[in-house]
Amino acid sequence: MISATFLFCALALFSLAPSEAKTVNTRGPSEFESTCNAIAAAVSNSSQVFFPGSPQYASDNHHMYISSSAASACSVEPGSVKDVSTILGILGSTRTPFAVKGGGHATNPGFSSTNGVEVAMARFNDISVNATAGTVDVGPGLVWDDVYKALNSTGFNVVGGRVPTVGVAGVALGGGYSFMSNQYGLAIDNIEAFELVFPNGTTTSVTSENADLWFALRGGFNNFGIVTKFTLNLHPQGEIWGGVVRYAPDQLAVFKAAVVKYQQNKDIKAAVAASLSYTPEGVVPGAILFYDGSTPPPGVFDEFLAIPTNQSDVSTRPFVNFFSTLSFLNVPPSTRGFYSGIPVTQYSPVVLNSLANQTQFWGNKWSALDESLSFTVVIEPFESGIFSHGSGSAYPPDRSHAVLPTGLNLGYTNASLDGFMAKSLREFTDTVQAAAVADGQNVSDAAPYVNYALFDTPLETMYGAGLPRLHSIKKSVDPDNVMGLAGGWKF
């Protein structure tokens with residue numbers, strides 16, 4: 001059984017000679033083979049096309065969960081902005097389905113995978129610090145590990161992902177909750193510019209001066225073209241205090257009380273990602289504790305630290321060292337699975353009891369069907385002003401008050417259970433959200449975090465009153481609906 005796999009997973013790169021970029025596939029027939037060959041013939045030597053049977057093809061199509069991977073006709077790794085433009089032109093003119101993959105962490109099937117052409121952004125992996133401007137340029141093919149390591153010796157950091165191997169692109173286009181979001185907001189609130197290739201092949205730099213695209217790209221994913229560079233704000237970074245604590249199932253009651261008490265904390269340098277993990281022996285509580293400073297003031301984490309632990313590695317250390325210790329959250333190979341998200345405004349005793357009870361109830365049912373089951377709830381008690389750090393964006397659709405995302409991560413290996421697992425995870429989600437509403441929380445129409453939302457979530461629920469504007473922007477920049485050939489949340 002996997003413990004706490006979710007809190008927010010794969011790169012195995014194998015290089016072929018640049019001369020192979022224009023190799024024409026001689027393998028068996030494929031519906032989209034002609035498109036693959038056209039791309040291979042058109043791109044420069046900085047890009048490469050790979051076909052089934054090559055190690056790089058396998059890497060390009062690999063996702064964290066095998067249930068969200070697909071066998072594409074070919075994969076292409078563009079190595080220049082010009083080649084991205086060329087590739088989009090061919091995909092659009094041939095009406096070939098495609099996917100755009102950054103880190104491969106999307107769990108909804110078909111969101112960054114396809115049976116057409118897999119566009120893997122792995123070669124867009126540059127990191128360039130501009131200390132004078134207080135920014136860093138990062139490529140969409142990077143994972144956050146790469147970014148944090150590159151910044152480790154600079155005295156700066158960025159607002160980014162919370163788990164090793166999570167891609168930059170998905171977080172930076174979908175919202176982006178961070179250990180430092182209480183201080184600086186979401187990842188999208190800390191972006192200075194996007195370099196964007198439009199579906200028609202032209203390229204632009206999107207900043208706050210372009211009101212519509214600035215609104216749309218921050219939470220609107222790949223509806224408007226392919227982003228080839230993010231310019232992120234830098235923030236001073238010294239040593240941090242933090243680590244993982246795990247408790248026994250018999251500490252669940254006092255753990256829930258600690259979560260309730262912690263929400264009174266007003267220190268914005270503090271962050272907690274608490275968890276409830278299913279085991280046959282009971283629901284196991286745990287937490288990642290984080291403080292952006294060498295030592296937290298008394299009272300911030302006292303309730304969590306007072307609980308007897310089965311494991312604790314909390315210490316003062318560099319941020320990158322702290323982050324690397326979270327690799328246990330990565331998912332083992334051959335795991336299938338889904339995410340879901342439950343928006344709440346607070347973790348009241350009613351909500352926490354519902355989360356724990358549903359974890360036990362559904363965990364018993366799921367584990368009886370698949371012994372490899374892993375299931376974790378992530379409790380995310382962010383500060384009430386978390387959305388106040390940024391301007392209007394596609395997500396969140398309402399910045400007037402905080403909505404806490406609450407992630408669910410379900411993992412298993414039996415492919416025949418896909419339908420049941422998704423349906424029951426939806427039932428789990430709806431049950432807890434109904435408990436929050438009954439508890440007096442105004443979340444019946446609250447937007448779930450778009451990077452957690454299960455594939456059947458309506459666009460109206462996630463994007464609210466901003467959806468008509470997003471439809472309009474999409475139509476203006478992509479009248480031929482080229483990006484509609486790719487997966488994901490589509491406007």
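Refer to the preceding data block for the structure.
Within every chain, residues take consecutive numbers counted from 1 along the sequence as written. Local features in this predicted model are restricted to residues whose pLDDT is 70 or higher, and side-chain atom pairs enter the listing and the counts only when it is 80 or higher, whereas totals over whole chains, interfaces and linings include all residues. Here the side-chain values reflect all heavy atoms present in the structure, with hydrogen atoms and water set aside.

### A short note on the pattern of salt bridges
Stage number 1. Each reported salt bridge corresponds to a side-chain nitrogen of Lys or Arg within 4 Å of a carboxyl oxygen of Asp or Glu. Scanning all chains against the criterion turns up 11 salt bridges.
Stage number 2. Where Glu-380 meets Arg-162, a salt bridge forms, and the shortest distance between an N and an O atom there is 2.7 Å. Placement of Glu-380 in the loop between β18 (374-379) and β19 (407-412) and of Arg-162 in the loop between β7 (156-157) and α5 (168-174) is noted, with a sequence separation of 218 residues between them. Residues Glu-380 and Arg-162 agree in their burial class; the two are buried.
Stage number 3. Residue Arg-426 pairs with Asp-430 through a salt bridge whose shortest N-O separation is 3.6 Å. Runs of H or I in DSSP of at least four residues are treated as helices and runs of E of at least two as strands, each being numbered from the N terminus. To sort residues, take the accessible area from a 1.4 Å probe on protein chains only and compare it with the maximum for the residue type: under 20% means buried, over 50% means exposed, and anything in between is partly exposed.

### Here we look at the packing of helix α7 (residues 211-220) against helix α14 (residues 467-477)
Stage number 1. Helix axes use the C-alpha atoms of the stretch in contact, all axes being lines fitted to C-alpha atoms, and the angles between their N-to-C directions lie in the range 0 to 180 degrees. The interhelical angle for the contact between α7 and α14, taken along N-to-C directions, is 110°, at an axis separation of 10 Å. The orientation of α7 relative to α14 falls into the category roughly perpendicular. The handedness of the crossing between α7 and α14 comes out as left-handed. Mapping the contact onto sequence places Ala-211, Asp-212, Leu-213, Phe-215 and Ala-216 in α7 and Arg-469, Leu-470, Ile-473 and Val-477 in α14.
Stage number 2. In terms of residue class, the contact of α7 with α14 is made up of seven nonpolar, no polar and two charged. Angle categories are assigned with fixed cut-offs, so that under 35 degrees is roughly parallel, over 145 is roughly antiparallel, 65 to 115 is roughly perpendicular, and the rest are oblique. Crossing handedness follows the turn of the near helix against the far one: under a right angle anticlockwise gives a left-handed crossing, and clockwise gives a right-handed one. Should any heavy atoms of two residues lie within 4.5 Å, those residues are considered in contact. Lys, Arg, Asp and Glu make up the charged group, whereas Ala, Val, Leu, Ile, Met, Phe, Trp, Tyr, Cys and Pro make up the nonpolar group; the residues left over, Gly among them, are polar.

### Structural notes on the environment of Asp-250
Stage number 1. As for its position among the elements, Asp-250 is in the loop between β12 (240-246) and α8 (252-262).
Stage number 2. Using a relative accessible area of 65% as the deciding quantity, one classes Asp-250 as exposed.
Stage number 3. With 32 residues separating them along the chain, Asp-250 and Gly-282 place their C-alpha atoms 8.2 Å apart.
Stage number 4. Side-chain polar atoms of Asp-250 contact the side chain of Gln-251, separated by 3.4 Å. Distance and chemistry together define a polar contact, namely a pair of N or O atoms within 3.5 Å, with one atom able to donate a hydrogen and the other to accept it when in protein, and with adjacent residues in sequence counting only for side-chain atoms on both sides.

### Points about helix α3 (residues 81-94)
Stage number 1. End to end, α3 covers 20 Å across 14 residues, agreeing with the expected 20 Å (1.5 Å per residue, within 8%).
Stage number 2. Residues Asp-83, Val-84, Ser-85, Ile-87, Leu-88, Ile-90, Leu-91 and Gly-92 constitute the buried set of α3.
Stage number 3. At its buried positions, α3 is contacted by α1 (33-42), β2 (74-77), β3 (98-101), β4 (117-120), β8 (191-197) and β10 (226-233).
Stage number 4. Backbone geometry just downstream of α3 places Arg-95 in the positive-phi region, at approximately 55°. Expected helix span is computed as 1.5 Å times (number of residues minus one).

### Some details on the sheet that holds β10
Stage number 1. Whether two strands pair comes down to DSSP finding at least two bridges between them. Strand order in the open sheet made by the five strands is β5-β6-β10-β8-β9, with antiparallel pairing throughout. Here the strands that pair on one side only, and so sit at the sheet edges, are β5 (127-130) and β9 (203-206). Averaged over neighbouring strand pairs, the angle between their axes works out to 15° when direction is ignored.
Stage number 2. In the sheet, β8 pairs with β10 via six bridges, with the strands oriented antiparallel. Across the sheet, the residue bridging to Ile-191 is Leu-232, located in β10.
Stage number 3. On the sheet, α3 packs against β8, β9 and β10 and is oriented at approximately 50° with respect to β8.

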